[in-house]
Amino acid sequence: MADPATSPPLTRNSVLSARNIIKDFVHHTPTLTNATLDRLASTPQSEGKARPRIRLYFKCENLQRIGAFKIRGAFHAIERLKKEPGWVEGGGRERGVVTHSSGNHAQALALAARENGIPAHIVMPTISAAPKIAATRGYGAQVVFSGSTSDEREAMVAEVVQNTGARLVPPYDHPDIVLGQGTLGLELQEDAGAIMRQRLDHHDATAKASTATITTETGFRAPATIPVLPERKRESPRLDAILAPCGGGGMLSGVALSCEGTGIRVFGCEPSFQGADDGKRGYESGERVTKVKTLTVADGLRTPVGVVPWGIIYERRLVKGFFSVTEEEIVGALKLVYERFKMVVEPSAAVPLAVALYNEDFRRLVELEGGEEGWDVGVVFSGGNVSLEALGKLFGGEGGK
C-alpha cells in the first residue's frame, strides 16, 4: 500500500478528503432509530441500577457493500496507492495487492481491487468459514491458504510478495485505512443531526396544530413514536457520544478523527471474554497490548489494537474510554436486533448496543452527565456478515460463554 510517509495527516480534514475520494464507490448507509431499543436502553436493569435516558442512532454499515464498513478503507487505500509516484508506471497495477484476513477485509480488498482491474491475493487461514472463502473468491481474488497464527499468516504474505511483487494492504494498521473508515463517522454525525432537526420540526408543528407534513427519519417512523428532544438541541443538534466496536482499532480511530473538535465523545466497545478487551486494558494501563488470544463470539474483534490506531486512540486521547461486555450480553443484544429491529448484523456489530443496554459504567455515566435530558448516542453496526449456521449455534445455546 502507499508509503505511510506520503499519507495525509491524521486529522478530521483528511477524513473529509477521504470521503471525496471514495464517495463514488461506497454506499452512504442509512442511520436508523428504534423506539423499542431506546426504551430498553432507558430502563434500569434492576432495582438500584442506573436510570439513563438514551436515544440511539444506528449507523447501518451492515447494509454497506460487501456487508461491512471495511470497504471504505479498502477503496481509499487502493485510490491512494494508484496515486503513489511510480507505482502504476512501475507495473504495480499488474503485480497487484495482498493482505491476510479471514473476514470482511478480505472481501473488501478483493472487490476494491477487482473494480480497479488489479489482481488481489488474499491469505486466509485454512480454518476460515467456507462462506467467507467463497465470497472472497466471488469478488475475483486469488485465495492462498495459511496456518491460523499471525506468524503463519504473515509468513505466507511474505512468500506471496516475494513471488508476485504484490503490495501489502493491511487490515487496519495504516493511515489510509484509518482515514477511509472514518468516513462513516462523518455520515453518522450529519444524518443524526438531520434526524434531530426533523424531530424538532415535527414537535413544533404538533404544538402549533399545524397540518403541515413533516418528513421524519426516512419517512416511515410513526409520528407517535418520535421522542421529544431537549431544547439545547435546537442550537446544537448533534450526538453526545458514539459507541464503536474495536478490534484492530482502524474504524474506532477513524471515527474518533471524524469527531475531532465537534464535542462528540467517542468510546470503544469490546468483548471481555478471554482477554478480548485488550484496548480497554491497554488504555487503562497506558501500554498497548500486542497479543490477543480469544475465542469470543465477536470474531471480528479478536485482534489487538494496531500502532497507528493506538496513536489516535490513546496517545492523542481522541477516544475517551472503553467499555466491555460479556458473551451473554453480546448474544442478548444480537437477539434483540433480530427480533425487535429486524436487522441482520454479525455478533461484533452488536457489541456497542450491548454496552448501551447492559454496561453499568456507561449507563451510569449517561445518567450522571445527561440527567433528565439524556444523551443522543450513535451506535455503529459495523457489519452483517454472519452465516445461518453460525446463528443457529448462537441462538441454540452454543454461542454464549
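This text follows the structure it describes.
Cut-off values and rules
- Residues numbered from 1 in each chain as written.
- Predicted model: local features only at pLDDT ≥ 70, side-chain atom pairs only at ≥ 80, totals over all residues.
- Heavy atoms only, no water.
- Helix = DSSP H or I, 4+ residues; strand = E, 2+ residues; numbered from the N terminus.
- Expected span 1.5 Å × (residues − 1).
- Buried < 20%, exposed > 50% of the residue type's maximum accessible area, 1.4 Å probe, protein only.
- Arc of directions from axis to C-beta.
- Contact = heavy atoms within 4.5 Å.
- Salt bridge = Lys/Arg side-chain N within 4 Å of Asp/Glu carboxyl O.
- Phe/Tyr/Trp six-rings, centres within 6.5 Å; stacked < 30°, edge-to-face > 60°.
- Lys NZ or Arg CZ within 6 Å of the ring centre and 35° of its normal.
- Pairing = 2+ DSSP bridges.
- Axes fitted to C-alpha atoms, helices over the stretch in contact; angles between N-to-C directions.
- Core = buried A, V, L, I, M, F, W, Y, C linked by side-chain atoms within 4.5 Å.

Caption draft 1: Layout of helix 7 (residues 150-164). Here helix 7 is 15 residues long and its end C-alpha atoms lie 21 Å apart, about the 21 Å a rise of 1.5 Å per residue gives. Considered for burial, the residues of helix 7 that qualify are R153, M156, V157 and V160. Burial along helix 7 is one-sided: seen end-on, the buried residues are contained in an arc of 105°. Facing away from the buried side of helix 7, by more than 90 degrees, are the exposed residues D151 and Q162. On its buried face, helix 7 is in contact with strand 3 (97-100), strand 4 (120-125), strand 5 (142-146) and strand 6 (167-168). At the exit of helix 7 stands G165, carrying a positive phi of roughly 80°.

Caption draft 2: Summary view of the pattern of salt bridges. On inspection of all chains with the given rule, the structure shows 24 salt bridges. Between R19 and E190 there is a salt bridge, and its shortest N-O distance comes to 2.9 Å. Of this pair, R19 sits in helix 1 (residues 12-22) while E190 sits in helix 9 (residues 183-207); the two residues are 171 residues apart in sequence, bridging distant segments of the chain. Residue classification places E190 among the partly exposed positions, given a relative accessible area of 37%. Note that R167 is salt-bridged to E84, the shortest N-O span being 3.0 Å. In this pair, R167 sits in strand 6 while E84 sits in the loop between helix 3 (70-82) and helix 4 (92-95), placing the two residues 83 residues apart along the sequence. A residue is classified by how much of its surface remains accessible, and R167, at 24% relative accessible area, is partly exposed. Through salt bridges that share partners, R55, R232, K233, D240, E373 and D376 make up one connected network.

Caption draft 3: Layout of the packing of aromatic side chains. For the structure on display, the rule yields twelve aromatic pairs. The ring of Y283 carries the charged tip of R317 above its face, separated from the ring centre by 6.0 Å. One Lys or Arg, R317, reaches over the ring of Y314 and ends 3.9 Å from the middle of that ring.

Caption draft 4: Region of interest: the sheet that holds strand 1 (residues 31-32). Strand order in the open sheet formed by six strands is 1-2-10-7-8-9, with mixed pairing between adjacent strands. Bordering the open sheet on either side are strand 1 and strand 9 (321-325), each of which pairs with just one other strand. Two elements, strand 1 and strand 2 (residues 54-60), share two bridges in a ladder whose sense is antiparallel. Looking at strand 2, one finds that T31 is bridged to K59. Strands strand 1, strand 2, strand 8 (265-271), strand 9 and strand 10 (375-381) of the sheet are contacted by helix 14 (residues 327-341), whose axis makes an angle of about 85° with strand 9.

Caption draft 5: A look at the nonpolar core. The biggest cluster of nonpolar side chains holds 43 residues, and the ones touching the most others in it are L56, F58 and F362. Per element, the largest residue contribution to this core is eight residues, and it comes from helix 14. Look past the residues within four positions of F362 in its chain and what remains in contact with it is I54, L243, F267, F323, V355, A356, W375 and V377. By size, the runner-up hydrophobic cluster in this structure holds 36 residues, among which are L179, C246, M251 and I312.

Caption draft 6: Looking closely at the pairing of strand 9. By the criterion of burial, strand 9 is predominantly enclosed, with five of the five residues buried. Burial of the side chains of strand 9 extends over both faces: G321, F323 and V325 are buried on one face and F322 and S324 on the other. Relative to strand 9, strand 8 is paired through five bridges, and the arrangement is parallel. The partner of E270 across the bridge, within strand 9, is S324.

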